[in-house]
Amino acid sequence: FITIAGLLVLSAMACIETIRVNFPKLNISKRISLAFKPVLDKKDSAKVLITSHMELLVACLGPVWISALFPSCSFYQQTAVRLSGVITVGVGDSLAAIVGISLKRPHKISTSGKSWEGTVTFIISVLACLHGIDRLRFEAIIATLAAAATECLARDHDNMLIPLVFIAVYFIAS
């Protein structure tokens, strides 16, 4: 059910974005653009096509779709993989951004602008969520560290990469 619902929402988002981009003079198109304006960041404001909302949806639902490829996994593995998008992007990346932005003088890791404090927050929050599913396992810790490295080093589309890296490393470490 969640797969179909996710695909329907993604299709609706694509249709809305198509209307916004292709029919800029329509009143509905102007309203859509105004609705997006408060949540746009520097990367999105420079583009004609705004895909960040679709990327977040795919980042959260992609692992659910990927988990269908591994039906023989244990309950813990299936749950960790299915929730990896929500945990890494929805919780980890969000909390890392809040901590990183709220500091007056964050300690930058790289040219991507990410901070040590945000990265540590990412690791702690993701591990806490995974611990909530079941006891922490070696593969979950290694996958979290790899996802954190991806989050702090990637410049573009990091929200899409983080869950994929988590899943890949998780299964390699298993």
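See the structure shown above.
Just give me the short version of the nonpolar core, but keep the residues and values in it.
Within soluble globular proteins, side chains that are nonpolar tend to cluster in buried spots. In terms of nonpolar packing, the biggest core is built from 18 residues, with Y76, F122, L130, F166 and Y170 touching the most fellow members. Only α5 (75-102), α6 (116-133), α7 (138-153) and α8 (158-173) provide two or more residues apiece to this core. Not counting residues within four places of it along the chain, the set of residues in contact with L130 comprises Y76, A80, I87, L136, A140, T144 and F166.

An account of the pattern of salt bridges is needed here, citing residue identities and associated values.
Overall, the coordinates contain four salt bridges when judged by the stated rule. The closest approach of N and O atoms between E17 and R20, which form a salt bridge, is 2.6 Å. Of this pair, E17 and R20 are both found in helix α1 (residues 2-22), three residues apart, which corresponds to roughly one turn of the helix. E17 sits in the buried class, given a relative accessible area of 1%. Here R20 falls in the buried class, since its relative accessible area comes to 11%. In this structure, D134 engages R137 in a salt bridge whose closest nitrogen and oxygen atoms are separated by 2.6 Å. Since its relative accessible area comes to 29%, D134 is described here as partly exposed. When its relative accessible area of 22% is taken as the criterion, R137 is described as partly exposed.

Describe the packing of α6 against α7, and please don't skip the residues or the numbers.
It is the contact of α6 with α7, at a shortest axis distance of 10 Å, that shows an interaxial angle of 145°. Two packed elements cross with a definite hand, and for α6 against α7 that hand is right-handed. Judged by residue contacts, T119, F122, I123, V126, L127 and L130 of α6 engage A140, I141, T144, L145, A147, A148, E151 and C152 from α7. Residues belonging to the contact of α6 with α7 are distributed by class as follows: 11 nonpolar, two polar and one charged.

Which residues make up the packing of aromatic side chains, and what values do they have?
Under the criterion given, the structure shown has two aromatic pairs. Centroid distance F166 to Y170: 5.9 Å. Interplanar angle 15°. Geometry classified as stacked. Placement of both F166 and Y170 in helix α8 is noted, with a separation of four residues, approximately one turn of the helix. Just as F166 is buried, Y170 falls in that class too. Judged by its relative accessible area of 0%, Y170 is buried. The structure contains a cluster of three or more aromatic residues connected by ring pairs, namely F166, Y170 and F171. The ring of Y76 has R137 sitting right over it, with the charged end atom 4.1 Å from the ring centre.

Conventions used here
- Within each chain, residue numbers correspond to sequence positions counted from 1 in written order.
- Residue-level local features of this predicted model are given only where pLDDT is at least 70; pairs of side-chain atoms are given and counted only at 80 or more, and the full residue set underlies all totals for whole chains, interfaces and linings.
- As a convention, hydrogens and water are excluded, and side-chain values are obtained from all of the structure's heavy atoms.
- Think of a nonpolar core as a cluster: buried Ala, Val, Leu, Ile, Met, Phe, Trp, Tyr and Cys residues, connected wherever their side-chain atoms sit within 4.5 Å.
- Relative accessibility thresholds used throughout: buried, under 20% of the residue-type maximum; exposed, over 50%; partly exposed, between the two (1.4 Å probe, protein chains only).
- A run of DSSP states H or I qualifies as a helix once it reaches four residues; a run of E qualifies as a strand once it reaches two. Both are numbered from the N-terminal end.
- By definition in these notes, contact holds between two residues if any of their heavy atoms fall within 4.5 Å.
- By definition, a salt bridge exists where a carboxyl oxygen of Asp or Glu is found within 4 Å of a side-chain nitrogen of Lys or Arg.
- Axes here refer to lines fitted to C-alpha atoms; in helices the fit is confined to the stretch in contact. Angles between the N-to-C directions go from 0 to 180 degrees.
- Crossings are sorted by hand: turned counterclockwise from the far helix by less than a right angle, the near helix makes the crossing left-handed, and turned clockwise it makes it right-handed.
- All residues other than Ala, Val, Leu, Ile, Met, Phe, Trp, Tyr, Cys, Pro, Asp, Glu, Lys and Arg, Gly among them, are scored as polar; the first ten of these are nonpolar and the last four charged.
- Here is the rule: rings of Phe, Tyr and Trp (six-membered ring for Trp) pair when centre to centre is within 6.5 Å. Planes less than 30 degrees apart are stacked, more than 60 are edge-to-face, and the remainder are tilted.
- Both a distance and an angle decide whether a charge sits over a ring: NZ of Lys or CZ of Arg must be within 6 Å of the ring centre and within 35 degrees of the ring normal.

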